[in-house]
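The chain contents come next:
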Amino acid sequence: MTIPSLFSSASGLRAHQRFLDVTGNNLANVNTTGFKAQRFRFSTQFSTVLRSASAPTGDLGGINPIQFGTGTQVAAVDTILAQGTLETSDSPLDLAIQGGGFFAVDDGQQIVYTRAGAFSVDAQNRLVDSATGALVQRTGTIGTGTATAPPFQIGGGNNISLPFGVTIPGRATTDVTFAGNLDADAQGPLAEVLTSAQPFSVGGAAATAATQLNALDQNTVDHVAGDTIEITGTTVAGAAVNATFTFATGNETLADLAAAITAAFVGGGPGGATASIDANGNIVLTADETGPAQLSLNLANGVANTGQTTFAGFQTTVDGREGDTASTAIVVFDDQGASHTLSFTFQKVADNVWDLVSAIDPSGSFVGFDNLATGITFNEDGSFAGAFGTGLGDPNITFEINNLAGFNTTQNITFNFGMVGGFDGLTQFGGFQNVAAIEQNGFSPGGLVEVGVQANGIVNGIFDNGRTEQLAQIAVATFRNPGGLERLADNVFRETSNSGPAQIGVAGTGSAGVIQGGTLESSNVDVAVEFTRLIIAQRGFQINARAFTTADEVLQEVANLKR
């Protein structure tokens, strides 16, 4: 009669031993990277029925069944998938998943899944589990080749290659972007102006261009035919001027004299200057072009003249100057990836209008090519107007690299000054100037020296030319029922019929968590909870042992009844 109690106690001993096994395994893996703790659950075994239940009748009430259990059993050992603590490390290839999902790795026989992301690169430049050598898997087509980078991944497989030392080719610069402010208070260019020291007058009133020279208040003896006025001085460029104005009739006007001065200074031509009569009766000589000038002018009566006019000389009333400038520079690259320095000078040429002149270091030349972008225009609110008007220079330059001559090395670069009507590029506000060439799209050849992993699993390669290229994207596997995965050695899982097939995807999408580089996920074992369970398991084992002993003693007493 005591045999069932023995079996029940024995089942309790066995079950609590398993409880101790699970708890001990959890504690043993308290420092295992990415370990997921397990939870033990009990359930009853079948019951022996001594009497079945009966329903109530009109005269009697119902009767409950009489039954007793035959012990306990293991109901389940569940995997606790709670997030483990994330700890930083000194390796960019130490990875942790914040959220759901597993890394997929190929152990040589099958694809298995793990939360332990302590990865490294093997001798064949493959990303592997540093403990087992299992190959980390990728997803998508990232790293299979782009217009600017060679393929980094081997087609036909999902292993990840991190080819340190591989070289990407350089690319010639085709675009340069400018940003910053050109000072609205900057001075524009000015043409040099000479003005007679004393105005000419008639009867005390200002003379005009039509006034005859003999009618001037400054004329003391009338000129006659054959008289001369000597025109001397220096041109804009500093060349000497020696010319003679000859009276043909004696009725010549100030306009006639001004025309002779203009002819003497090659007015209307390059480097010339033009004379005129202003409203005050002054002779005014103006350089035809803006910029610094060496203009000088002097008028004198011919030595054999009959007539005499008093000339007071000329003074500089406007100094010729170029418009204010702002400079910047940037390194650009040619077709073979060699670097060259382009320097840029913005020069104010009119209100709200600037020109841009480009120069290149001695390795290149603009000779015979275009180094000018003109008519860079701004709106009244300081925004970039951008309209290069008819006849104005286009926003690009063309040059040649000397050491690549003969290799079709003419290079064209287009300028980006910002959005028309916007403030994202060049602006023109008063009070400061900080214009700069901030970006260009060329680069030199470069070797892979470093990697980093983004939250979405994209592995970025950092090259010694400053470029960053996407090398691969680490796969993250999710399951409809991750609790149904089967544990294997080396801290990995494999799919089962109850977990469902792996759904390979991208970190940060769907139920897949994000990836954190330079981080490892700690075990999610709660030591306090496990110690509590250890005590509970121990007590449970002791109680069942005592029940087993008691049942044995009772059975012994029954055996003694025969004596």
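Described below are features of the structure shown in this document.

Conventions and cut-offs
Residues numbered from 1 in each chain as written. Predicted model: local features only at pLDDT ≥ 70, side-chain atom pairs only at ≥ 80, totals over all residues. Heavy atoms only, no water. Helix = DSSP H or I, 4+ residues; strand = E, 2+ residues; numbered from the N terminus. Buried < 20%, exposed > 50% of the residue type's maximum accessible area, 1.4 Å probe, protein only. Contact = heavy atoms within 4.5 Å. Pairing = 2+ DSSP bridges. Axes fitted to C-alpha atoms, helices over the stretch in contact; angles between N-to-C directions. Salt bridge = Lys/Arg side-chain N within 4 Å of Asp/Glu carboxyl O. 1 Å grid on protein atoms, 1.4 Å probe; cavity = no way out; pocket = protein on both sides within 12 Å on 5 of 7 lines; lining within 4 Å. Points joined across faces, edges and corners; volume = space filled by probe spheres on them. Nonpolar A, V, L, I, M, F, W, Y, C, P; charged D, E, K, R; others polar.

## Let's talk about the overall build of the protein chain
Thinking step 1. Helix and strand counts for the protein chain come out as three helices and 42 strands.
Thinking step 2. If you line up the protein chain on its principal axes, its C-alpha atoms span 180 × 65 × 40 Å.
Thinking step 3. Across the 563 residues of the protein chain, 43% fall into the buried class.
Thinking step 4. Considering only contacts within the protein chain whose residues lie at least 6 apart along the sequence, 64% involve residues at least 24 apart.

## Some words on the sheet that holds strand E18 (residues 228-234)
Thinking step 1. The sheet built from three strands is open, its strands ordered E19-E18-E22 with antiparallel pairing. Here the strands that pair on one side only, and so sit at the sheet edges, are strand E19 (240-246) and strand E22 (296-301). Neighbouring strand axes in the sheet, compared pairwise and without regard to direction, differ in orientation by 20° on average.
Thinking step 2. Where E18 lies against E19, seven bridges are found, and the strand directions are antiparallel. Following the sheet pairing, Ile231 is matched in E19 by Ala243.

## A short note on the pairing of strand E6 (residues 94-98)
Note on strand geometry: in a regular strand, side chains alternate between the two faces of the sheet.
Thinking step 1. Of all five residues making up E6, four are buried, and the element is well covered by its neighbours.
Thinking step 2. Strand direction decides the pairing type here: E6 and strand E9 (residues 117-121), joined by two bridges, are antiparallel. Bridge pairing links Leu95 to Gly117 in E9.
Thinking step 3. Where E6 lies against strand E41 (residues 514-517), four bridges are found, and the strand directions are antiparallel. Bridging across to E41, Leu95 finds its partner in Gly517.

## Points about the pattern of salt bridges
Thinking step 1. Inspection of every chain in the model, using the stated rule, returns 10 salt bridges.
Thinking step 2. A salt bridge links Lys36 to Glu521; its shortest N-O distance comes to 2.6 Å. In this pair, Lys36 is assigned in the loop between helix H1 (3-28) and strand E1 (38-44) and Glu521 in strand E42 (residues 519-521), connecting sequence segments 485 residues apart. For the residue pair Lys36 and Glu521, the accessibility class agrees, reading buried in each case.
Thinking step 3. Ionic pairing is found between Arg41 and Asp78, a salt bridge with its closest N-O pair at 2.7 Å. Pair noted here: Arg41 is in strand E1 and Asp78 is in strand E4 (residues 72-79), with a separation of 37 residues, a long-range link.
Thinking step 4. Residue Arg41 is classed as partly exposed on the basis of its relative accessible area of 38%.

## Some details on empty space enclosed by the protein
Regions of empty space are outlined by a rolling probe, equal in size to a water molecule, passed over the atoms.
Thinking step 1. According to the stated counting rule, one finds one cavity of 30 Å³ or more in the structure shown.
Thinking step 2. The space that makes up the largest cavity amounts to roughly 30 Å³.
Thinking step 3. Partitioning the lining of the largest cavity into residue classes produces three nonpolar, five polar and one charged.

## Concerning the side chain of Thr478
Thinking step 1. Along the chain, Thr478 falls in strand E37 (residues 475-478).
Thinking step 2. Taking the relative accessible area as the measure of exposure, Thr478 reaches 10% and is therefore buried.
Thinking step 3. Beyond its immediate chain neighbours, meaning those up to four positions away, Thr478 contacts Gly101, Pro501, Ala502, Gln503, Ser511 and Ala512.

## Quick look at the layout of surface pockets
Thinking step 1. Taken as a whole, the largest pocket spans an internal volume of roughly 170 Å³.
Thinking step 2. Lining the largest pocket are 13 residues, with Leu81, Gly100, Gly101, Phe102 and Pro482 sitting closest to its centre.
Thinking step 3. When the residues that make up the lining of the largest pocket are grouped by side-chain class, the tally is five nonpolar, six polar and two charged.

## Things to note about unusual backbone geometry
Thinking step 1. For Asn125, which is not glycine, the phi torsion reads 65° and is therefore positive.
Thinking step 2. Looking at the element boundaries, Asn125 is found in the loop between E9 and strand E10 (127-129).
Thinking step 3. A relative accessible area of 26% places Asn125 in the partly exposed class.
Thinking step 4. The residue Asp490 is not glycine, and still its phi comes out positive at about 65°.
Thinking step 5. For Asp490, the position within the fold is in the loop between strand E38 (486-488) and strand E39 (492-494).

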